[in-house]
There are 2 protein chains.
Amino acid sequence: MHGVKMMLAAGWLGLAPFALPSLAVELRGTGDLGLVIERANGTVAVVETTGRSVLCEVAGLGDLSHASAVFDRSARYGYVFGRDGGLTKVDLLTCGIAKRIVQSGNAIGGAISQDGRLIAVSNYEPGGVKVFDSAGLGLVADIPAVPAGGGAASKVVGLADAPDQRFIFSLYDAGEIWLADLTAPQAPKVTRYEDVGQQPYDGLLAPDGRTYLAGLFGEDGVVRLDLWHPEKGPERILDGYGRGEAALPVYKMPHLQGWTGAGDLLFLPAVGRHEVLVVDRATWQERARIQVAGQPVFATARPDGRQVWVNFAPPDNAKVQVIDVPSLAVATTLSPGKAALHMEFTPRGESVWISLRDENRVVVYDTRTLAEVASLPLAAPSGIFFTARAHRLGL
Amino acid sequence: MHGVKMMLAAGWLGLAPFALPSLAVELRGTGDLGLVIERANGTVAVVETTGRSVLCEVAGLGDLSHASAVFDRSARYGYVFGRDGGLTKVDLLTCGIAKRIVQSGNAIGGAISQDGRLIAVSNYEPGGVKVFDSAGLGLVADIPAVPAGGGAASKVVGLADAPDQRFIFSLYDAGEIWLADLTAPQAPKVTRYEDVGQQPYDGLLAPDGRTYLAGLFGEDGVVRLDLWHPEKGPERILDGYGRGEAALPVYKMPHLQGWTGAGDLLFLPAVGRHEVLVVDRATWQERARIQVAGQPVFATARPDGRQVWVNFAPPDNAKVQVIDVPSLAVATTLSPGKAALHMEFTPRGESVWISLRDENRVVVYDTRTLAEVASLPLAAPSGIFFTARAHRLGL
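It should be emphasised that the depicted structure is a prediction, and the values quoted were computed from it without experimental measurement. (Residues numbered from 1 in each chain as written. Chains lettered and ligands numbered in written order. Predicted model: local features only at pLDDT ≥ 70, side-chain atom pairs only at ≥ 80, totals over all residues. Heavy atoms only, no water.)

1. Here's the deal with the overall build of chain A
Next up, step 1: In terms of helices and strands, chain A carries zero helices and 34 strands.
Next up, step 2: Classification of the 395 residues of chain A by burial places 62% in the buried group.
Next up, step 3: Counting only contacts in chain A whose residues sit at least 6 apart along the sequence, the fraction spanning at least 24 positions is 41%. (Helix = DSSP H or I, 4+ residues; strand = E, 2+ residues; numbered from the N terminus. Buried < 20%, exposed > 50% of the residue type's maximum accessible area, 1.4 Å probe, protein only. Contact = heavy atoms within 4.5 Å.)

2. Some details on the interface of chain B and chain A
Next up, step 1: Taken together, the contacts link 53 residues of chain B with 53 residues of chain A.
Next up, step 2: When the buried surface of chain B facing chain A is broken down by residue, R73, W228 and R348 of chain B rank first, second and third, together holding 19% of it.
Next up, step 3: There are 25 residue pairs in polar contact (both at pLDDT 80 or more) connecting chain B and chain A.
Next up, step 4: It is strand β1 (residues 5-9) of chain B that contributes the most residues to the side of chain B that touches chain A, three residues altogether.
Next up, step 5: Its residues assigned to classes, the side of chain B that touches chain A comprises 21 nonpolar, 16 polar and 16 charged. (Buried area = accessible area lost by both parts, 1.4 Å probe. Polar contact = N/O pair within 3.5 Å; in protein donor to acceptor, adjacent residues only side chain to side chain. Nonpolar A, V, L, I, M, F, W, Y, C, P; charged D, E, K, R; others polar.)

3. Some details on the relation of the copies chain B and chain A
Next up, step 1: Superposing chain B onto chain A requires a rotation of 180° together with a translation of 0.0 Å along the rotation axis, leaving an RMSD of 0.0 Å. Here the symmetry operator amounts to a two-fold rotation axis. Within chain B, the C-alpha atom positioned nearest to the axis of rotation is that of T30 of chain B, 2.8 Å from it.
Next up, step 2: Mapped onto chain A, 100% of the interface residues of chain B are again interface residues, and the two copies thus contact each other with one and the same surface. (Least-squares fit on C-alpha atoms with pLDDT ≥ 70 in both.)

4. With respect to the packing of aromatic side chains
Each pair of aromatic rings is reported with the distance of its centres and the angle of its planes.
Next up, step 1: Within this structure, the stated rule accounts for 10 aromatic pairs over all chains.
Next up, step 2: With a centroid separation of 6.0 Å and 50° between ring planes, the pair formed by F169 of chain B and W178 of chain B is classed as tilted. Of the two residues, F169 of chain B and W178 of chain B, neither departs from the other in class, the shared state being buried.
Next up, step 3: The side chain of K155 of chain B reaches across the aromatic face of Y124 of chain B, ending 5.1 Å from its centre.
Next up, step 4: Positioned over the ring face of W228 of chain A is R306 of chain B, at 5.6 Å from the centre of the ring. (Phe/Tyr/Trp six-rings, centres within 6.5 Å; stacked < 30°, edge-to-face > 60°. Lys NZ or Arg CZ within 6 Å of the ring centre and 35° of its normal.)

5. Observations concerning the sheet that holds strand β20 (residues 222-226) of chain B
All names here are of chain B.
Next up, step 1: Spatially, β18-β19-β20-β21 is the arrangement adopted by the four strands of the open sheet, whose pairing is antiparallel. Where the open sheet ends on each side, the last strands, each with one partner, are β18 (200-205) and β21 (235-237). Taking the axes of each pair of neighbouring strands and ignoring which way they run, one obtains an average angle of 30° across the sheet.
Next up, step 2: Strand direction decides the pairing type here: β18 and strand β19 (residues 211-216), joined by five bridges, are antiparallel. (Pairing = 2+ DSSP bridges. Axes fitted to C-alpha atoms, helices over the stretch in contact; angles between N-to-C directions.)

6. Brief notes about the state of the cysteines
All names here are of chain A.
Next up, step 1: One pass over the structure, following the stated rule, counts two disulfides over all chains.
Next up, step 2: Covalent S-S linkage joins C56 and C95, the inter-sulfur distance amounting to 1.9 Å. Classification of the bridge connecting C56 and C95 rests on its S-S torsion, roughly 110°, and on that basis the disulfide is right-handed. Of this pair, C56 sits in strand β5 (residues 53-58) while C95 sits in the loop between β8 (86-91) and β9 (96-102), placing them 39 residues apart in sequence. (Disulfide = S-S within 2.5 Å.)

7. Comments concerning the sheet that holds strand β32 (residues 361-366) of chain A
Residue and element names in this part refer to chain A.
Next up, step 1: Reading across from one edge, β30-β31-β32-β33 is the order of the four strands in this open sheet, with antiparallel pairing throughout. Each end of this open sheet is capped by a strand with a single partner; those strands are β30 (340-345) and β33 (372-377). Each adjacent strand pair in this sheet contributes to an overall mean axis angle of 20°, direction not counted.
Next up, step 2: Bridging between β32 and β33 involves five bridges; their strand directions are antiparallel. In the strand pairing of β33, V364 is matched with A374.

8. Quick look at unusual backbone geometry
Next up, step 1: For the peptide bond that leads from E125 of chain B to P126 of chain B, omega is -5°, which places it in the cis range.
Next up, step 2: Examined against the element boundaries, P126 of chain B turns out to sit in the loop between β11 (118-125) and β12 (127-133).
Next up, step 3: In this model, L328 of chain A sits at a positive phi of 50°, which is unusual for a non-glycine residue.
Next up, step 4: In this structure, L328 of chain A sits in the loop between β28 (320-324) and β29 (329-334).
Next up, step 5: On the basis of relative accessible area, L328 of chain A is assigned to the partly exposed category, the value being 22%.

9. Here's the deal with the environment of Q103 of chain A
Residue and element names in this part refer to chain A.
Next up, step 1: As for its placement among the helices and strands, Q103 is situated in the loop between β9 and β10 (106-112).
Next up, step 2: Q103 has contacts with G85, L87, V121, N123, K130 and F132, leaving out every residue within four places of it along the chain.
Next up, step 3: A distance of 2.8 Å separates a polar atom in the side chain of Q103 from a polar atom in the side chain of N123.

10. Quick look at empty space enclosed by the protein
Next up, step 1: Counted under the stated rule, the structure contains six cavities of 30 Å³ or more.
Next up, step 2: Along its surface, the largest cavity is lined by 18 residues, and R73, A390 and H391 of chain A together with P347 and R348 of chain B are the ones closest to its centre.
Next up, step 3: Residues that form the lining of the largest cavity fall into these classes: six nonpolar, seven polar and five charged.
Next up, step 4: Quantified by volume, the second largest cavity comes out at close to 90 Å³.
Next up, step 5: Of the residues contributing to the lining of the second largest cavity, the split by class is four nonpolar, seven polar and five charged. (1 Å grid on protein atoms, 1.4 Å probe; cavity = no way out; pocket = protein on both sides within 12 Å on 5 of 7 lines; lining within 4 Å. Points joined across faces, edges and corners; volume = space filled by probe spheres on them.)

11. Remarks on the pairing of strand β34 (residues 381-386) of chain A
All names here are of chain A.
Next up, step 1: The element β34 is largely enclosed, with a buried count of six among its six residues.
Next up, step 2: Direction of pairing for strand β3 (residues 33-38) relative to β34: antiparallel, over a ladder of four bridges. Along β34, the bridge assignment pairs E38 with P381.

12. Things to note about the pairing of strand β16 (residues 176-181) of chain B
Residues and elements named next belong to chain B.
Next up, step 1: The buried fraction of β16 amounts to five of the six residues, a majority that puts the element mostly inside the structure.
Next up, step 2: Across six bridges, the pairing between strand β15 (residues 166-171) and β16 is antiparallel. Within β16, the residue paired with S170 across the bridge is I177.
Next up, step 3: Linkage of β15 to β16, two consecutive antiparallel strands, is achieved through a turn of four residues, within which G175 is found at a positive phi near 65°.
Next up, step 4: In this sheet, strand β17 (residues 189-193) lies alongside β16 in antiparallel orientation, the contact comprising five bridges. Following the sheet pairing, D181 is matched in β17 by K189.

13. Points about the pattern of salt bridges
Next up, step 1: Counting across every chain of the model gives 44 salt bridges over all chains.
Next up, step 2: Taking the shortest distance from any N to any O, the salt bridge between D239 of chain B and R236 of chain B comes out at 3.0 Å.
Next up, step 3: Here D239 of chain B falls in the partly exposed class, since its relative accessible area comes to 45%.
Next up, step 4: Notably, a salt bridge pairs R289 of chain B with E286 of chain B, separated by 2.7 Å at the nearest N-O pair.
Next up, step 5: The partly exposed category is assigned to E286 of chain B, whose relative accessible area is 35%.
Next up, step 6: Taken together, the salt bridges that share partners define one network made up of R273, E275, E286 and R289 of chain A. (Salt bridge = Lys/Arg side-chain N within 4 Å of Asp/Glu carboxyl O.)

14. Regarding the confidence of the model for chain A
Next up, step 1: Mean pLDDT over chain A works out to 89, with 89% of the residues at or above the 70 mark.
Next up, step 2: Predicted complex, confidence summary: ipTM 0.91, pTM 0.92. (pLDDT = per-residue confidence, 0-100.)

15. Considering the side chain of N123 of chain B
Next up, step 1: Looking at the secondary structure, you find N123 of chain B in strand β11.
Next up, step 2: Residue contacts for N123 of chain B: discarding those within four places in its chain leaves Q103, S104, N106, A107, G128, K130, S154, K155 and V156 of chain B.

As structure tokens, then:
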């Protein structure tokens, strides 16, 4: 890093036209930046992964419980989806809010279109998807999630961007999957898949942008849709994966965006069970079950697929386990600290950042040595999102 | 993009301390930037893929025939490897040379370490790998490629970064593959694999960082090394893939870094044949051969793996063909213009940039409609490299 600082009047940015003090902005690349959600106080922190430091904080983002973020294609702006329907465009370079709207009463995440021009938000109340232009956050399209049989709009979950300028998502109450083509953004073309199963509670698009999976909460199984063959419709896989055994109470729903592929395998946190399921991506059959230290929340592969890191629901959320993929066994149990909520790998996998909500810090591990290499004080940190996500499909 | 320009004295950057004119630097993210090699005049152009424009040009990089580039983890700096042994650190934000050295007499490319701190260059003369610190380009390690039996140092090809802070490369003259562990950068630990086959002419590490493949020029086959099981050593695959047929004269060696995976398949430009080989990554057997319009140079998958784009050696280098992966057939033959040398996809695959050396321009295609959507005038363009490469393994 050059230590160059450039001084400019804050008014030049259009953020605070009457502000007198000048604003120091470092001339820097944005490839090693990220956002950490500080859920308790409506704040996000801008971090950088080269020196492993907190650059600044941005306040005023509303209710950030269960918040997530995506990034524009230049990796300068983060779009933060709050639980209260807030959608905030954060400028990571100037450390400010470029734009903020409250677009619904209750939201659960969002996605950015393949070309970077559209932001889609999945809403619980009113149920549906709203689409905004990424520059000014103007409303472009509104897609209420009214089921095939009519009635109340459904909560929408598992929203992901898909190739060819599409979004895909699941209707929790209605048991449907919708594929929306936004190549003509004002007139989305929606393909509906009905009766896919009861209560799809989350969904994921594989990193190759081809396979959409929705986990079912009301039934014991998973739905798969192959976007190379959407005409074939959804298929059920892993039917009855918990059958015949008493389910444990579910302390926290697993996150399917944590489902990750490692080579030809997919690692899936089982709902309500102390297990990670290993699925063969060629046959979509269960290959193995790995016993873990609690109910898994995220099962996230290191970018090279050599390890899968797992965190847990309470009361086991002070532990993190590392699965060795070649042997399909837990190799190491770590105790990073209280309430390990989220894990984010640096894009080439040498480090993983773990938020410890109840210790008010984020820790960084070297994934080769498994040693803690940094600790950053942050208020009740939860989600961690690095800008390299700007360049990936299906987030 | 905000149109903000920031004025700063050029001297602040340490580039031209006595220059009087100030330098306008736009405050911007670096995620949508790239470099295009203008091979005829030792110049690189800085481009951006959102508005599809040329931002500026940087001259003085020496002999850029067969040049390539990697990027630092912040995506601000590009490291350009010239044929004449030149290694130039280009600042994409200020559009200048941050540092330049000539580190050998003849070089063929390079890589950046997983943590971003080391730059490795593969040299023909003197044969070997030199490793530099990415900040100041100071020499960190020198690894002459002296074969197991002694003798002259070998030309080095197929250099790639591997997980756990390693580099892997092949010795063309010696028929060896070396795996160098740089966790202690001043004292590299090198594992040598001898007698892998005659004249490995290029190599590639799969995007997951696990499988290294080296193509053989002196024999009819490919060598595979599994980095999850390096103790097993290299194995031969695709033995005799051209056996029993008269080989065509080779007009241009294919580039193996163009070898790309699409799901469970790998697409390989055959040497001297009008064919793309399709290899099953589970069995490493040949699955299919696709007849194409000439001797393929690059066979590059769209990031979602749904298409593979192929360009050709002379005299067929005015064509580009698009393979449809589900049907394993050529779907479209395009005629973008004369001497289509290189193709680079935007990271989420909506566009592909193609350099047309003999038309002095780069064209951009929409990969969904296959329509040309932009044309940028550039002098004899060859390699195109986008900053999203900063976040990928094996480049």
